[in-house]
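Here is what each chain is made of, one letter per residue.
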Amino acid sequence: MSALPLAAPRGLRDLLPEATASIAAIQRQLSTGFELAGYQRVTTPAFEYADVLERGLEVDRNQVVRFVEPDTGEVALLRPDITPQIARIVATRLSSRPVPHRLSYQGTVIRRKEGRARRSRMAAQAGIELIGVDGIAGDLEVMQLACQALHRLGLPTWNL
């Protein structure tokens with residue numbers, strides 16, 4: 001019996017060793033910078049219940065990949081953005097801890113091909129969230145860290 005050739009679903013992609021190594025190097029650079037700045041890394045699940053993500057996203061509900069979670073029967077989404085999951089963590093799991101919360105994250109997000117995803121349904125996302133530092137001080141901290149991250153990655157020009 002011969003094996004059938006298998007491919008990733010259309011719009012999704014496999015990352016070969018070279019691309020995987022490049023992405024891993026970028027992730028290490030970002031993680032190191034975020035950690036040195038006092039941001040703690042959290043990891044979120046690849047899918048989230050629809051009511052959580054739809055509350056925090058400003059995207060067309062038709063642009064997300066949804067399914068029924070077999071154990072609960074609830075509608076779930078493959079995460080199109082990690083930020084709402086960070087908001088859920090802060091509002092629930094970290095609600096009894098004092099602010100500020102300095103959190104970082106990295107992961108893969110999945111979006112339908114229209115709109116923001118354009119070329120691929122699968123994208124890497126990394127970022128930070130600063131919660132509990134209001135006004136210009138918080139904005140300045142986040143912008144400085146973004147500039148440092150871009151410099152650390154060796155990007156010669158960029159726009160905020």
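Residues numbered from 1 in each chain as written. Predicted model: local features only at pLDDT ≥ 70, side-chain atom pairs only at ≥ 80, totals over all residues. Heavy atoms only, no water.

### Thoughts on the environment of Leu 77
Okay, so step 1: Looking at the secondary structure, you find Leu 77 in strand S4 (residues 75-78).
Okay, so step 2: Residue Leu 77 is classed as buried on the basis of its relative accessible area of 0%.
Okay, so step 3: Excluding residues that lie within four positions of it along the chain, Leu 77 makes contacts with Ala 46, Phe 47, Glu 48, Ala 50, Leu 53, Glu 54, Val 64, Val 65, Arg 66 and Phe 67. (Helix = DSSP H or I, 4+ residues; strand = E, 2+ residues; numbered from the N terminus. Buried < 20%, exposed > 50% of the residue type's maximum accessible area, 1.4 Å probe, protein only. Contact = heavy atoms within 4.5 Å.)

### What about the pairing of strand S5 (residues 101-110)?
For a regular strand, side chains alternate in direction, first toward one face of the sheet and then toward the other.
Okay, so step 1: Among the ten residues that make up S5, eight are buried, leaving the element largely enclosed by the rest of the structure.
Okay, so step 2: In this structure, strand S1 (residues 40-41) lies alongside S5, joined through two bridges in parallel fashion. Along S5, the bridge assignment pairs Arg 41 with Ser 104. (Pairing = 2+ DSSP bridges.)

### What to know about a nonpolar patch on the surface
Okay, so step 1: Where nonpolar side chains cluster on the molecular surface, the patch consists of Ile 26, Leu 153, Leu 155 and Trp 158 and spans about 320 Å² of accessible area.
Okay, so step 2: Along the polypeptide, Trp 158 turns up in the segment after helix H4 (135-152).
Okay, so step 3: A relative accessible area of 35% means that Trp 158 is categorised as partly exposed. (Patch = residues over 30% accessible without salt bridge, like charges linked within 9 Å, V, L, I, M, F, W, Y side chains within 5 Å. Areas by Shrake-Rupley, 256 points an atom, 1.4 Å probe, with all protein chains shown as cover. Salt bridge = Lys/Arg side-chain N within 4 Å of Asp/Glu carboxyl O.)

### Examining H4
Since one α-helical turn is 3.6 residues long, residues separated by three or four positions face the same way.
Okay, so step 1: The end-to-end C-alpha separation of H4 is 26 Å, in line with the 26 Å expected for 18 residues at 1.5 Å each.
Okay, so step 2: Three or more residues of H4 are buried, namely Gly 138, Glu 141, Leu 145 and Ala 149. For H4, the arc enclosing every buried residue in end-on projection is 65 degrees, short of the 170-degree limit, so these residues lie on one face. Opposite its buried face, H4 presents the exposed residues Ile 136 and His 151, each directed more than 90 degrees away.
Okay, so step 3: Of the surrounding elements, those touching the buried residues of H4 are helix H1 (17-36), S5 and strand S6 (122-131).
Okay, so step 4: Note on H4: the residue one or two positions beyond its end, Gly 154, has a positive phi of about 80 degrees. (Expected span 1.5 Å × (residues − 1). Arc of directions from axis to C-beta.)

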